[in-house]
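Reading the structure
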Amino acid sequence: MSLESQKDALRRRASATFHSVKPDASSQDTALPADGDSSMPPKQTRWFTWNVTRADWDILIVSTVIKLLLYPSYRSTDFEVHRNWLAITHSLPISQWYHDTTSEWTLDYPPFFAYFEKLLSVPAYFIDPKIVDLQNLNYDSWSVIAYQRTSVIVTELVLATALLRFIPGSVDPSIQRIISATLFLHPGFLIVDHMHFQYNGFMFGILLWSILMARNGNKLASGILFAVLLNFKHIYMYLAPAYFVYLLRAFCLTPGGQVEIKNFLALANAVIGVFIASLGPFAIMGQIPQLLSRLFPFTRGLNHAYWAANFWALVTAVDRVLLRYIQFTGANISVDPAGVASSSRGLVGDTVFAVLPQIKPIHTFVITVFFQLAILVKLWRNPSVKSFLTALTLCGWTSFLFGWHVHEKAVLLILVPLSLLAAERHAYFRTYLIASVAGIFGLFPLIFTPAESVVKVVYSAIWIAGVYGLLSRRVYEYPKSLVYVIIDLCEKAYLAGFIPLLAFVSLMSLRNHRISAAASASSASGSRGHAGSPSGAASGGMEFLPLMVTSVYCSIGLIWAYLRLGSIYLFEESEYQGQLRTIQS
Amino acid sequence: MHKRGMRDWVVPSIVAFAVLLKVCIGVGSYSGEATPPMYGDYEAQRHWMELTQHLPFRQWYTYDLQYWGLDYPPLTAYHSWLCGFIGSLIDPSWFALDTSRGIETPSSKLFMRMTVLVSDLLIYIPALILFTRTFLPSPTRSSRSRSFALLTLLLQPALILVDNGHFQFNSIMLGFTILALCAFARDKDELGAVAFVAALGFKQMSLYYAPAIGSYLVAKCLWLPAPANVRLFTRLALVTGASFGILFLPFFLPPLASSPLDILNPISRIFPFSRGLFEDKVANWWCASNVVIKWRRIAGDGEAGRRWLVRASAGLTALGFLPAVVGLVKAGWGLRVREPSVKKADRDIHEPKPLEVSSTPTTDPPPFISLLTYALLSSSASFFLFSFQVHEKTILLPLLPLTLLMSAATPESAPWKWGCLVNNVAVFSMWPLLRRDGLAVPYVALTVLWDRVVGYNPFGVRAGVGVVEVLGLVVHLAAIGLHLLELVIPAPARYPDLFPVLNVLICTPVFGLAWLWSLKCGVEVGWALGGYSSSSSSSPSIRDSKSESQQQHSGFEPIEEVATGSGAQWGEDTARRRNVGGPDSGVGDGVW
């Protein structure tokens, strides 16, 4: 076989990765590691055998060991937030859950998450009653650290099992295995869950189960699981439009456009049932408005404290640059004094533009809906599983890029579903690579303590290298024309730019460290009040610069990758989707 | 094509993974974290970086000895100086004289962790890679067995926990020792001597290896034919002397030192014979037997009793490593070269060369190099078990040769079994220390990971297994039982040291048996070597049986790998199989 035809075969195989094979009961039960391992002949117990299940166990053990070693690492206030929720749900009656303000970290997740915390608080009480003591704020003994960190690791098994189940039904299990492994080991989860502290592994586990159900043709279960997920964490509303359109078109309507009344009723009843189970108790107590005010605090600004790498970060940066330009040249353009104040404050407080017109929530809403509509129309016309997954990714992506007060952690909403598409073909892989690198780098500022910073960089670098090494050759395509060659080169240059960016950010943090060390030394040696403040302000401004540069650079990549995927989806998809169209119905 | 491309990435991936683990464990706590006024080993190392930065040579070994005075040999001091120099460039406050004592800022901690990691990357990891290339060379052993060996050695939990968790620089000393071993195996004895002097100059603990290495070099000199041996001996003496001289130069040369007698300062700091028989609870003979025999009471208090104990421990230690030394020297004498060309032809089984091409035997290492690793193990284990002033961390020294033997052996072979068992028990023996350092979770995690990587399961005992497996099962059950007991019940007030003592009683027998096993292997390999050399090359049947015993007992025998890999590997294996027991297979076959 010639090299070319070999490559061609690979590509064809890869392009069909996500194409679902009809689910049957037997293929579903082959993936559980425990079954496979015990039936393995004892001869094969060496670590090197590329046995399916043994490798899965290896991945689980390795990742668990790393997470265990990170127990004492830096934790954000989210750790105390979750501990406080354990205390609230354990020591207060349900009627008080959304009213309590003992701690500033009030309960602001939907009820299922509150129930989940209630469940977790039961063993917590037996391990150390002080964990669930409502007044015991900022409790950080070893017991609570070990307990909460362990709960994250254990609940992440939901993600692990979903990823394992993805393998048997896929067209090319070997590629799906790689994708599953990279998702389980994703640096985003390590940074946000195991250092910063959240339960994203668990949440995305539910999402992946839902997507898996959709792939396997069980759309009802998919819809129910997504409704459950929404009641765990409402940020997944970013994805809801795609779900809505997909389930409506592919489940509630026939391909010809007739209403499938049985399906429709089943789905509607199930989803309403889920919401009643979640919100019912609070509706009876008449607390729905209070609950909603906790879930949707509309008093926040356009950007989160640290700018998420989205469109608004870019716009804000342009505004800041324009302001500097005007201040230097003295050009006759009206400047909003509130914006000047906002820019000198750096990261703190709401963003107010100095030069550009102010952005209101309604603007962001309109832009988001506009882009999402284009995607959803396409999904309506082509409601295949792969199309659904792409639309899901793009929906989340649109919300991330143009939404109001978006958190940097929300980038996982893009990266996780996008990973499932990574090996479809080269164009997808490229998009995935750019988005992953930019997205993960955009998460770096969450972790700013020195030792943990090294961990995040080393881990992410290994992960990216692994992903590239394992997947890139399987999907490689030659650029088709000069335009593609130029785009290819620009993208490579962009990716290479992360290395100097990392060096710049590290050097700046080193510099800030020296400045603050010098400031503390000088303030210790005498005039405390005077020497401290100016140098503090100077270093404050410079502390802001690396964060801004990071945000802007990452947002360029994420916007470009968004346009890339969007144009592939809207304009190019049909050429490549011959096979997948056949399973539309 | 695809696979070959991936193969180049195996070693970098393994190293990257090891680095990741070390970085992760570095996030956690270390010896003496936040425990003023004295802190722990971390502060000791940091303090040395501080004092070498600011003081002239003559004060290095004399400055404020009460606060972590420097008590390691000069290479540690130079290394500390270099680390302190780089650190001071970044932030001088980390190593400011006196005022920086006990500094524990996140950035200074990161810098300290990085000094260990970079030292690892510069010395220990290259040494390990060199080891796998030297002792598992390409034609006879697959790249897979090399990767396995590298992974086994790199992830060794005891060393990671002590160096990257507790905080020390043992890997530098061990790295130099491995480099010495590799140099000897590549017949670069002078280089090996320099490397070993570097190990000695970094930590005096590597004296535990000295009997083995010294007797190897003596044996080598005996083994060589007449003019070459004297030349080698002279060169070794000169090189060793010169390296020691250079190492200690600043401490006796007048412009730097006030008088040549200043050399006594480092010497008296390095060998503190005024301390007790043992400090903490250590899993060695003295501490374990002290439960029944109160040694201090028998020896009597005071100077006389202490001296008696020193002598007793020195005598026992010497007795402990004597068999290994004798074995090596005897092998050197018994195998001494009379007809170099015959030996050469025997060794080159894979590419038989015509006799006239064969060069002098000095281009190849002597056959008794396979004894050296066992001798290193016997000697260091004997020091650990019987000598004076042993720390629990010193188990790392016997652990190194044992893990080297293990990594080069096939799974389920004797060195592999002992390597797995003793590694686990060694980590367990350091449990009291690791618990104090707050390293309980890494202790469990890294041990489980390593066992998984090497494929060791102490509880998977099947019918008809050997003694080592049963011993492993019993010891592991006892260790887990002790951990559970400690978790549930607090130590009784009458016996506050109950758990450490029980720990010692579990570990010591295993270490003792491993030491005996190494002696036994040494004798067996020596016998195989000596027996072969004395018999003439006329009876192939005898030689076959000898080479078989050699295959079982030398650590570095080739693996009969299951041919699951590529065709090339399979080809290797068949080639090996054809050679085994063939008329040309010789003694050196196992190693070379």
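Fair warning: this is a prediction, and the values are worked out from it, not measured in the lab. (Residues numbered from 1 in each chain as written. Chains lettered and ligands numbered in written order. Predicted model: local features only at pLDDT ≥ 70, side-chain atom pairs only at ≥ 80, totals over all residues. Heavy atoms only, no water.)

Where the residue is not glycine, phi is negative for most of them; where a peptide bond is considered, it is trans in most cases. All names here are of chain B. The omega torsion of the bond from Pro-36 to Pro-37 falls at 5°, within 30 degrees of zero and hence cis. For Pro-37, the position within the fold is in the loop between helix H2 (10-26) and helix H3 (41-54). Here the phi dihedral of Asp-187 falls at roughly 65°; this positive angle occurs in a residue that is not glycine. On the secondary structure map, Asp-187 appears in the loop between helix H9 (170-185) and helix H10 (189-202). (Helix = DSSP H or I, 4+ residues; strand = E, 2+ residues; numbered from the N terminus.)

The next point concerns the packing of helix H6 (residues 111-127) of chain A against helix H14 (residues 261-284) of chain A. Residue and element names in this part refer to chain A. Direction vectors running N to C along H6 and H14 enclose 80°, while the axes themselves pass 9 Å from each other. Comparing the axis directions of H6 and H14 gives the class roughly perpendicular. Counted together, Pro-111, Phe-112 and Tyr-115 of H6 and Val-274, Ala-277, Ser-278, Leu-279, Pro-281 and Phe-282 of H14 form the full contact between these two elements. For the contact of H6 with H14, a count of residues per class yields 8 nonpolar, 1 polar and no charged. (Axes fitted to C-alpha atoms, helices over the stretch in contact; angles between N-to-C directions. Parallel < 35°, antiparallel > 145°, perpendicular 65-115°, else oblique. Contact = heavy atoms within 4.5 Å. Nonpolar A, V, L, I, M, F, W, Y, C, P; charged D, E, K, R; others polar.)

Opposite charge on two side chains makes pairing possible when the charged atoms of those side chains draw close. Summed over all chains, the structure comprises 24 salt bridges over all chains. Across the pair Asp-41 of chain B and Lys-393 of chain B runs a salt bridge whose closest N-O atoms are separated by 2.8 Å. Of the two residues, Asp-41 of chain B sits in helix H3 while Lys-393 of chain B sits in the loop between helix H18 (369-386) and helix H19 (396-408), which places them 352 residues apart along the sequence. This pair shows no difference in class: Asp-41 of chain B is buried, exactly as Lys-393 of chain B is. The network of salt bridges with common partners includes Arg-430, Asp-488, Glu-491, Lys-492 and Arg-564 of chain A. (Salt bridge = Lys/Arg side-chain N within 4 Å of Asp/Glu carboxyl O. Buried < 20%, exposed > 50% of the residue type's maximum accessible area, 1.4 Å probe, protein only.)

All names here are of chain A. Within this structure's numbering, the places UniProt gives as "transmembrane region" (unreviewed entry) are residues 235-252, 264-284, 362-381, 387-406, 427-448, 454-472 and 493-510. The distance separating the terminal C-alpha atoms of residues 362-381 is 28 Å; by composition the span is 100% helix and 0% strand. Helix makes up 80% of residues 387-406 and strand makes up 0%, while its end C-alpha atoms are separated by 25 Å. (UniProt positions renumbered as here; feature names shortened; annotations may be inferred.)

Further remarks concern the interface of chain B and chain A. Taken together, the contacts link 34 residues of chain B with 33 residues of chain A. Interface of chain B and chain A: buried area, both sides summed, is about 3,200 Å²; carbon and sulfur atoms make up 76% of it. Summed over the three residues of chain B that lose the most area to chain A, namely Leu-20, Val-27 and Arg-452 of chain B, the buried surface amounts to 21% of that side. Applying the counting criterion to the chain B and chain A interface returns 1 salt bridge. Residue Asp-58 of chain A pairs with Arg-452 of chain B through a salt bridge whose shortest N-O separation is 2.7 Å. If you look at where chain B meets chain A, you find 2 residue pairs in polar contact (both at pLDDT 80 or more). Contributing elements (two or more residues each) for the side of chain B that touches chain A: helix H1 (2-7), H2, helix H5 (74-90), helix H6 (106-135), helix H7 (143-154) and helix H22 (440-454) of chain B. The class makeup of the residues in the side of chain B that touches chain A is 26 nonpolar, 5 polar and 3 charged. (Buried area = accessible area lost by both parts, 1.4 Å probe. Polar contact = N/O pair within 3.5 Å; in protein donor to acceptor, adjacent residues only side chain to side chain.)

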